[in-house]
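In case you want the letters, here they are:
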Amino acid sequence: MKRLLCLSLALIIILALVACGSKKTDGEPTTQPTEGTQATVKQTEKPAETNAETLAQDNTAAVQEAVLGKLISYTEKEGDGEPIITGLRLTGNRAGTGEGINGKKPSTDNIRSVFELNEWIEIYPETKVQTGLAAVVVPHSDDPEAYKNSVKTPEDAPSVKLEKPEEDGYLWGSLYLNPEDWPAGLYDLVITADHKPVASVVIRLYAESELDGKTDAELEQLMNNAG
């Protein structure tokens, strides 16, 4: 009898332990994330960070293209691979002197690029093309590819035909922006050949009289800092 009683007690204890173990197991997750699953999560997060960095770099590149007074060429003359516009000189009739900022030679950079609204912008392109050239001023675009194929111009955008003068070094054409129609800010002066963009330069237009009294050195400083 004692042996039978001991066996019964032992069986009851074993059944109780099994029941406790089952309850504990039921309350826990049946599966755990494997190392492979964790690696997959990390891999899907990383490209998102890389894409954000890439977009930021792309935006920075676009902004860096908007350098005041830098000539950007879009097409090359057929045959010799030479850009149609090899240099550009811009002058104005309100600010600067002929010996200073208005006396620059045609160039691909450091072109005069600060003017007042209502100031005549005088254009002197350096090119072998003699006909079919024109210039138009439009609000600045941050997209460096904006004028590769065409230029969309507002209906009242200032424009002028560029005609080769009889003597070298003379004016090809001039235009201005009426302050009643246009605000101060960044603009693109785009040169076209047979209505197709061939070059552009970023300029900044200030409010009327804002540049009064400024020296050539001060205007140069604005060109360096206003881009």
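The text that follows walks through the structure, step by step, so that each part is easy to find. The structure presented is a predicted model; accordingly, all values stated were derived computationally and were not measured.

As a further point, take the overall build of the protein. Check the secondary structure of the protein and you find three helices and nine strands. Counting the 227 residues in the protein, one finds 32% classified as buried. Taking contacts inside the protein between residues at least 6 apart in sequence as the whole, the part at least 24 apart equals 69%. With an accessible surface of roughly 14600 Å², the protein has 52% of that area assigned to carbon and sulfur atoms.

As a further point, take the sheet that holds strand β2 (residues 85–92). A sheet is described by the order of its strands in space; here three strands give the open sequence β2-β4-β7, paired in antiparallel fashion. The sheet terminates laterally at β2 and β7 (173–175), the two strands that pair on one side only. The average angle at which neighbouring strand axes cross in this sheet is 30 degrees, direction not considered. Here strand β4 (residues 121–127) runs beside β7; their pairing, made up of three bridges, is antiparallel. Of the residues in β7, the one forming a bridge with I123 is G173.

L90, I123 and L189 are the most contacted members of the largest nonpolar core, which has 28 residues in total. Elements with a minimum of two residues in this core: β2, β4, β5 (133–139), β6 (159–162), β8 (185–193) and β9 (196–206). With residues up to four places along the chain from it excluded, the contact list for L189 reads L90, I121, I123, A135, V136, V137, A199, S200 and V201. Ranked by size, the runner-up nonpolar core spans eight residues in total, among them V136, Y147, V151 and A157.

Before going further, it helps to examine the pairing of β5. Of all the seven residues making up β5, five are buried; the element is thus mostly covered by neighbouring parts of the structure. Here β5 pairs with β6 via four bridges, running antiparallel. In the sheet register, V136 faces β6, and the bridge partner there is S159. By the bridge criterion, seven bridges tie β5 to β8 in an arrangement that is antiparallel.

Using the criterion set out here, one finds three aromatic pairs in the structure. Residues W182 and Y187 carry aromatic rings whose centres are separated by 6.2 Å and whose planes lie at 75 degrees to one another, so their mutual orientation is edge-to-face. Accessibility assignment for this pair places W182 and Y187 in one class, buried. One residue, R89, lies across the ring of Y124, its end atom 4.5 Å from the ring centre.

One pass over the structure, following the stated rule, counts five salt bridges. Residue E82 is joined to K128 by a salt bridge in which the shortest nitrogen-to-oxygen separation is 3.7 Å. Within this pair, whereas E82 is found in the loop between β1 (72–73) and β2, its partner K128 is found in the loop between β4 and β5, the two being separated by 46 residues in sequence. Given a relative accessible area of 52%, K128 falls into the exposed group. Of the charged contacts in the structure, one is a salt bridge between E116 and R94, with a shortest N-O distance of 2.8 Å.

Quick notes on the rules
- Residues numbered from 1 in each chain as written.
- Predicted model: local features only at pLDDT ≥ 70, side-chain atom pairs only at ≥ 80, totals over all residues.
- Heavy atoms only, no water.
- Helix = DSSP H or I, 4+ residues; strand = E, 2+ residues; numbered from the N terminus.
- Buried < 20%, exposed > 50% of the residue type's maximum accessible area, 1.4 Å probe, protein only.
- Contact = heavy atoms within 4.5 Å.
- Areas by Shrake-Rupley, 256 points an atom, 1.4 Å probe, with all protein chains shown as cover.
- Pairing = 2+ DSSP bridges.
- Axes fitted to C-alpha atoms, helices over the stretch in contact; angles between N-to-C directions.
- Core = buried A, V, L, I, M, F, W, Y, C linked by side-chain atoms within 4.5 Å.
- Phe/Tyr/Trp six-rings, centres within 6.5 Å; stacked < 30°, edge-to-face > 60°.
- Lys NZ or Arg CZ within 6 Å of the ring centre and 35° of its normal.
- Salt bridge = Lys/Arg side-chain N within 4 Å of Asp/Glu carboxyl O.

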